[in-house]
Amino acid sequence: MKVKANRGAGGVDKESIEKFGENLEENIERIQQELKRNEYQPQPVRRVWIPKPNGEKRGLGVPTIRDRVVQQAMLIRLEPIFEPTFMESSYGFRPNRSAHQAIDEVSMWLKKGHWWIMEADIKGYFDNIPHEKLIDLMAERVSDGRVLRLIRSFLKAGVMEELKVKEQVKGTPQGGVISPLLANIYLNYYDQKMLKEGFKVIRFADDFVVMCRTEREAERAKKLTQKILEEELELELHSTKTRVVHINEGFEFLGFLFKRGYSVYIYPRHKAVKAFRDKVRKITGRKNPYRMSEIVRKLNKVIIGWGNYFKKGLARKLFWRLDRWIRRRVRAFKAKRWRSENWKKSTMNSYGTVLGCALCMDF
């Protein structure tokens, strides 16, 4: 079962995946009967706040296990209907597509001379999708009223925070199984209209850029983007983050800085490096109660994930510097833990094949 494979905590009813699975057949049968009778009623999602690299917090909505099962079934049914309608240059939350593919396409257009870029930022996209406009867009491809009513009931189920349920008049909470598909359906309207006007939009969820040959073309893309998103889709753009820029100035996309020096290059942006360092500092903090083997295990999980993602960029020297810095952090942790007078003599050879395995690789 995909819901079980994705794991995750329980929702407002506090029922875990394991508890739900104890009476799996009975629970599934009850859900099926309620759906057949149009009596299924989603519960509010549980609000969880996740820290962002800039110090702000992002709200995630955790559905109940029952609701996740229903959403997964809906995703299996709806995804084949909408996938063929999505643009080739849309990469977020789609089967067999990735952020690296989006980065590769941006690099390809830069090599072809599209050096003027319109970059945009939507304020709180997932939290501000108008429900009825989304339902109208879905109704163009889905004629089953029961499915549309069920979608609407999930959108309006509300959010529970501090034991209070807040009704939702717009937005699809991040964390729901079906939320990424709904978000793609809504912005696909923008993708299609921009394509008809001849613009090259490269999008990953709500993060996107428009690749242009001239400043005039990029300014036109900006005006059209504002018209479609703000007037037609009722979304709001960050005025300072939505701009036209030349590759010589550089622009950021999916955690990378794209810029031209002697040639066009991509590099992990400053915020991404800072966030990585902060994670390492947290793991190797002086007061952490972990054994050294646990420290190495936790570090490797962070290092491998970060290194595999940012190996796309020209970051060999950065990887080398970060690797040396991580080793110093571990030596310091060992010295503070055991008060060893000989900690400086430690060569870290015993960790060399584990620690820094992502950062030291010859990418």
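Each remark here, short or long, concerns the structure printed above.
Worth saying up front: this structure is predicted, and the values here are computed from it rather than measured.

About the thresholds
- Residues numbered from 1 in each chain as written.
- Predicted model: local features only at pLDDT ≥ 70, side-chain atom pairs only at ≥ 80, totals over all residues.
- Heavy atoms only, no water.
- Helix = DSSP H or I, 4+ residues; strand = E, 2+ residues; numbered from the N terminus.
- Buried < 20%, exposed > 50% of the residue type's maximum accessible area, 1.4 Å probe, protein only.
- Contact = heavy atoms within 4.5 Å.
- Areas by Shrake-Rupley, 256 points an atom, 1.4 Å probe, with all protein chains shown as cover.
- Expected span 1.5 Å × (residues − 1).
- Arc of directions from axis to C-beta.
- Pairing = 2+ DSSP bridges.
- Axes fitted to C-alpha atoms, helices over the stretch in contact; angles between N-to-C directions.
- Phe/Tyr/Trp six-rings, centres within 6.5 Å; stacked < 30°, edge-to-face > 60°.
- Salt bridge = Lys/Arg side-chain N within 4 Å of Asp/Glu carboxyl O.
- Core = buried A, V, L, I, M, F, W, Y, C linked by side-chain atoms within 4.5 Å.

**Quick word on the overall build of the protein chain**
Step number 1: Of regular secondary structure, the protein chain possesses 12 helices and 11 strands.
Step number 2: Looking at the protein chain residue by residue over its 363 residues, the buried ones come to 47%.
Step number 3: Sequence separation of 24 or more characterises 70% of the internal contacts of the protein chain that already satisfy a separation of 6 or more.
Step number 4: Entry remark: accessible area of the protein chain is about 20,400 Å², with carbon and sulfur atoms responsible for 50%.

**Focus on helix H9 (residues 215–232)**
Along an α-helix, a turn takes 3.6 residues, which lines up residues three or four apart on a common side.
Step number 1: Compared with an ideal rise of 1.5 Å per residue, which puts 18 residues at 26 Å, H9 spans 25 Å between its outermost C-alpha atoms and is within 8% of the ideal.
Step number 2: Along H9, the positions that sit buried rather than exposed are Glu217, Ala218, Ala221, Leu224, Thr225, Ile228, Leu229 and Glu232. An end-on view of H9 places all buried positions within 125° of arc, on one side of the element. Turned more than 90 degrees away from the buried face of H9 sit Arg216, Lys223 and Glu231, all of them exposed.
Step number 3: Lining the buried residues of H9 we find strand S3 (116–121), helix H6 (131–139), helix H8 (179–196), strand S7 (207–212) and strand S8 (243–246).
Step number 4: Just downstream of H9 lies Glu234, where phi reads positive at about 60°.

**A word on the sheet that holds strand S9 (residues 251–253)**
Step number 1: If you trace the three strands from one edge of the open sheet to the other, you get S9-S10-S11, paired in antiparallel fashion. Each edge of the open sheet is held by one strand with a lone partner, namely S9 and strand S11 (264–268). Averaged over all pairs of adjacent strands, the angle between their axes in this sheet comes to 30°, without regard to strand direction.
Step number 2: Pairing of strand S10 (residues 256–260) with S11 involves five bridges; the strand directions are antiparallel. Across the sheet, Lys259 pairs through a bridge with Tyr265, a residue of S11.
Step number 3: Packing of helix H5 (residues 99–111) onto the sheet brings it into contact with S9, S10 and S11, and relative to S10 it is tilted by some 10°.

**Considering the packing of aromatic side chains**
Step number 1: Applying the stated rule across the entire model yields 11 aromatic pairs.
Step number 2: Ring geometry for Phe93 against Phe204: centres 5.9 Å apart, planes inclined by 45°, an arrangement best described as tilted. Taken together, the residues span a long stretch of sequence, with Phe93 in the loop between helix H4 (65–82) and H5 and Phe204 in strand S6 (residues 200–204) at a distance of 111 residues.
Step number 3: When the centroid spacing of 5.5 Å and the interplanar angle of 35° are considered together, the rings of Phe256 and Tyr309 count as tilted. Of this pair, Phe256 sits in strand S10 while Tyr309 sits in helix H11 (residues 292–310), and the two are 53 residues apart along the sequence.

**Some details on the sheet that holds S8**
Step number 1: Reading across the sheet, the four strands line up as S6-S7-S3-S8 and stay open at both edges, with antiparallel pairing between neighbours. Of all strands in the sheet, those bounded by a partner on one side alone are S6 and S8. On average, each strand axis in the sheet is inclined to that of its neighbour by 25°, with strand direction left out of account.
Step number 2: Against the sheet, H8 contacts S3, S6 and S7, and its axis sits at roughly 165° relative to S6.

**Topic: the pattern of salt bridges**
Step number 1: By the definition in use, this model includes 23 salt bridges.
Step number 2: Residue Asp278 is joined to Lys274 by a salt bridge in which the shortest nitrogen-to-oxygen separation is 3.1 Å. One end of the pair, Asp278, and the other, Lys274, are both in helix H10 (residues 270–283), four residues apart, so they sit about a helical turn from each other.
Step number 3: Using a relative accessible area of 43% as the deciding quantity, one classes Lys274 as partly exposed.
Step number 4: When salt bridges with common partners are traced through the structure, they connect Arg77, Asp144 and Arg146 into a single cluster.

**Some words on the nonpolar core**
Step number 1: Ranked by internal contacts, the top residues of the largest apolar core, which has 53 residues, are Ile151 and Tyr190.
Step number 2: When contributions to this core are tallied by element, the ones reaching two or more residues are helix H2 (17–22), H4, S3, H6, helix H7 (145–155), H8, S7 and H9.
Step number 3: Counting residues per element, this core draws most heavily on H8, at eight residues.
Step number 4: Apart from the residues within four sequence positions on either side, Tyr190 is in contact with Met118, Val201, Phe208, Val210, Thr225, Ile228, Leu229 and Leu233.
Step number 5: Counting 42 residues, the second largest nonpolar core, distinct from the first, contains Ile117, Met211, Phe276 and Phe319.

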